[in-house]
Amino acid sequence: MQLIDGKQLAKTIKEELAQEVEQIKANGGKIPHLAAVLVGDDPASKAYVGSKVRSCEKIGYKSTLITPAADVSEEELLGIVDKLNMDPDIDGFIVQLPLPKHIDAEKVTLAIDPKKDVDGFHPQNFGRMALGLPCYLPATPFGIVTMLDRYNIETSGKHCVVLGRSNIVGTPISLLLSRKAKVGNCTVTITHSRTKNIAEEVKRADIIIAAIGIPRFVTEDMVKDGAVIIDVGINRVEDPTAKRGYRLVGDVDYENVAEKCSFITPVPGGVGPMTVTSLLTNTLRASRKEVYG
Ligand code: BQF
C-alpha cells in the first residue's frame with residue numbers, strides 16, 4: 001500500500017505557486033488577489049476560510065476577507081457579490097458554504113461573475129467542465145485529479161466507482177474521470193442512497209471515490225485487492241482521548257482497508273489540503289485570464 005500524501009503534495013504545489021508569484025513580481029505583473037466572503041461564525045467555515053486566507057499570504061497572493069454577520073440579508077449579500085464582481089483588483093472570490101438558511105445559496109452562486117468564480121460552482125463553469133471547455137474546476141474534484149496525476153496513477157480503462165452524487169464532489173468527479181483526458185477515460189459508476197447493492201458495486205472498482213459522508217462506510221469486504229482509494233469524507237467521531245473530544249475520520253475504514261489497496265488517501269491530510277491548493281491554482285489562472293481571456 002502506498003499513501004497518497006495530500007498534505008505533502010499540497011505543500012509542493014504551494015511552493016510552485018509561490019515561485020510563480022515571484023516571477024510575476026519580477027516582471028512587474030499583477031499579484032493574484034483572492035477575496036473570501038464568510039457569513040456568520042460557524043467554526044468549521046471559519047477554520048476553512050482561515051486556512052485559505054493564510055495560504056494566500058504564505059505564497060504571496062493578496063487576499064481580502066469579508067465577514068458579514070449571520071443575519072445579513074440576502075439583498076446585502078448580493079450587494080457584496082456585485083461589488084466583488086466589479087472590483088478590478090479582485091481576480092477571483094468565493095462565498096464560503098454553507099450559508100444561513102434564510103439565504104438562497106443558488107441565487108448567490110448565480111450572482112457570481114463566472115470569470116471570478118474560482119470555486120467553479122456557477123452553472124456556466126459546471127457546464128463548461130461537462131463539455132471539456134476551459135473552466136475553473138471545482139476544488140475537490142480538481143484536487144483529486146491532481147493527486148491521481150502527480151502520483152502517476154493510471155486511470156484509462158479503469159472501472160471507477162463513486163459513492164455520492166453531490167453537486168460539488170460526486171457528480172463532477174464522475175464527469176471528469178469519464179472524459180477523454182490525461183486523467184480520465186474511466187468507466188464510471190455513480191452510487192447513491194437509492195443504489196440497490198452498494199457493496200457489490202464497490203467491490204468491482206479499480207478506483208473508489210468515497211464521498212458519501214458516513215464515517216468508515218467503505219469496509220474491507222467491499223474493496224478489491226489492489227484498488228486505489230480516494231477518501232473525501234470529513235466526519236467527526238467522538239474520541240474522549242482527543243483534545244476536543246472528537247477526531248476526524250473518512251468515509252473509509254482506513255485501518256482495515258489500507259492493507260488491501262495499492263494507493264489510499266488518509267483523513268486528515270489527504271484530499272482536504274488539495275482542495276485549498278485547487279482554489280489557489282484557480283486564482284492564479286483567473287489573474288492570468290487563462291480561462292475567459
Ligand atoms: C485535512 C468543506 C464540507 C463543507 C464545506 C485540510 C481542509 C479540510 C481537511 C479544507 C471543506 C473541506 C472545505 C484538511 C475546505 C476541505 O487536512 O484533511 C483542509 O480546508 N477544506 C471548505 O471550504 O468547505 C467545506 C467540507
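Coordinates for the structure precede this section.
It should be emphasised that the depicted structure is a prediction, and the values quoted were computed from it without experimental measurement.

Novice: So what's going on with the overall build of the protein chain? Residues and values would help.
Specialist: Looking only at helices and strands, one finds 10 helices and 11 strands in the protein chain. The C-alpha radius of gyration computed for the protein chain amounts to 19 Å, which stays within 12% of the reference 19 Å derived for 293 residues, consistent with globular compactness. Projected onto its principal axes, the C-alpha coordinates of the protein chain cover approximately 55 × 40 × 35 Å. Here the protein chain, with 293 residues, has 48% of them falling under the buried criterion. Sequence separation of at least 24 residues holds for 71% of the intrachain contacts in the protein chain that already meet a minimum separation of 6. For the protein chain, the accessible area works out to roughly 14,300 Å², and carbon and sulfur atoms hold 51% of it.

Novice: Explain the site of the ligand to me, and be specific about the residues and the numbers.
Specialist: In the vicinity of the ligand, the contacting residues are Tyr 48, Ser 51, Lys 52, Gln 96, Leu 97, Ile 234, Pro 268, Gly 269, Gly 272, Pro 273, Thr 275 and Val 276. Gln 96 is positioned with one of its side-chain polar atoms (N or O) 3.0 Å from an oxygen atom of the ligand. One nitrogen or oxygen atom from the side chain of Thr 275 is found 3.4 Å from a nitrogen atom belonging to the ligand. Only helix H2 (43-59) and helix H10 (271-287) provide two or more residues apiece to the shell around the ligand. Among the residues forming the shell around the ligand, the class breakdown is six nonpolar, five polar and one charged.

Novice: Just give me the short version of the sheet that holds strand S8 (residues 228-231), but keep the residues and values in it.
Specialist: Spatially, six strands are ordered S1-S11-S8-S7-S5-S6 in an open sheet, and the strand pairing comes out parallel. Two strands bound the open sheet, and with one partner strand each, they are strand S1 (2-3) and strand S6 (187-191). Across five bridges, strand S5 (residues 159-163) lies against S6 in parallel orientation. Bridging across to S6, Val 162 finds its partner in Ile 190.

Reading the values: rules and limits
- Residues numbered from 1 in each chain as written.
- Predicted model: local features only at pLDDT ≥ 70, side-chain atom pairs only at ≥ 80, totals over all residues.
- Heavy atoms only, no water.
- Helix = DSSP H or I, 4+ residues; strand = E, 2+ residues; numbered from the N terminus.
- Rg over C-alpha atoms; globule rule 2.2 N^0.38 Å.
- Buried < 20%, exposed > 50% of the residue type's maximum accessible area, 1.4 Å probe, protein only.
- Contact = heavy atoms within 4.5 Å.
- Areas by Shrake-Rupley, 256 points an atom, 1.4 Å probe, with all protein chains shown as cover.
- Near = heavy atom within 4 Å.
- Polar contact = N/O pair within 3.5 Å; in protein donor to acceptor, adjacent residues only side chain to side chain.
- Nonpolar A, V, L, I, M, F, W, Y, C, P; charged D, E, K, R; others polar.
- Pairing = 2+ DSSP bridges.

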